[in-house]
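# Summary of structural features
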Amino acid sequence: MAPAILKILLHRLQRRTSVFASIAIAYVVWYVQCACRPIRLLVPEGLRRIVSSCPSLQGSYAPTVFAPTWHGQMFLLVFHELLVWLQPSPFSRELLTLRDSQVMAVDWLEP
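Okay, so let's go over this structure. (Residues numbered from 1 in each chain as written. Predicted model: local features only at pLDDT ≥ 70, side-chain atom pairs only at ≥ 80, totals over all residues. Heavy atoms only, no water.)

### Description of the overall build of the protein chain
Looking only at helices and strands, the protein chain has three helices and four strands in total. When the helices and strands of the protein chain are read in sequence order from the N terminus, they spell out α-β-α-β-α-β-β. Entry remark: accessible area of the protein chain is about 10,400 Å², with carbon and sulfur atoms responsible for 68%. (Helix = DSSP H or I, 4+ residues; strand = E, 2+ residues; numbered from the N terminus. Areas by Shrake-Rupley, 256 points an atom, 1.4 Å probe, with all protein chains shown as cover.)

Listed below in structure tokens is the structure:
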């Protein structure tokens, strides 16, 4: 009885693996065909010499594999900014009152 159950579980695992592999292959094909494309610039006549001397604008653009569209890139930006906002600051602020009653803030870096 146990080998039959093991055989069924192994068959299901192979089927899920093949589905995952098919999805991964389809994603790689889409990424190469659609996401990685040459840079197309509409450059005014006066700036063509400057743009032609910039090597980073001559090739093709390949976005990150895990965020190839602007939706994913915006999500990563919001997620990164949220993490930065939630982290405690390594600085401590001290407010100093000057002789002319103005207030000045001094940020000290805690070691």
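After presenting the structure, the write-up continues.
### Regarding the pattern of salt bridges
Side-chain pairs of opposite charge can arise whenever the charged atoms involved come near each other. A full pass over the atoms with the stated rule returns two salt bridges. Among the salt bridges present, the one from arginine 48 reaches glutamate 45, with a minimum N-O distance of 3.1 Å. Here arginine 93 and aspartate 107 are joined by a salt bridge, their closest N and O atoms 2.7 Å apart. With a gap of 14 residues between them, arginine 93 in strand E3 (residues 91-97) and aspartate 107 in strand E4 (residues 103-109) connect regions that are remote in the sequence. Judged by relative accessible area, arginine 93 falls into the exposed class, the value being 60%. (Salt bridge = Lys/Arg side-chain N within 4 Å of Asp/Glu carboxyl O. Buried < 20%, exposed > 50% of the residue type's maximum accessible area, 1.4 Å probe, protein only.)

### Description of the environment of leucine 95
Following the sequence through the fold, leucine 95 ends up in strand E3. Since its relative accessible area comes to 60%, leucine 95 is described here as exposed. Each C-alpha atom of the pair leucine 95 and aspartate 107 lies 8.8 Å from the other, and the pair is 12 residues apart in sequence. Excluding residues within four positions of it along the chain, leucine 95 makes contact with Val103, Met104 and Ala105. (Contact = heavy atoms within 4.5 Å.)

### Looking at unusual backbone geometry
Excluding glycine, a negative phi dihedral is what most residues carry, and trans is how most peptide bonds are arranged. Phi is positive for serine 101, close to 65°, though the residue is something other than glycine. With respect to the helices, strands and loops of the structure, serine 101 is situated in the loop between E3 and E4.

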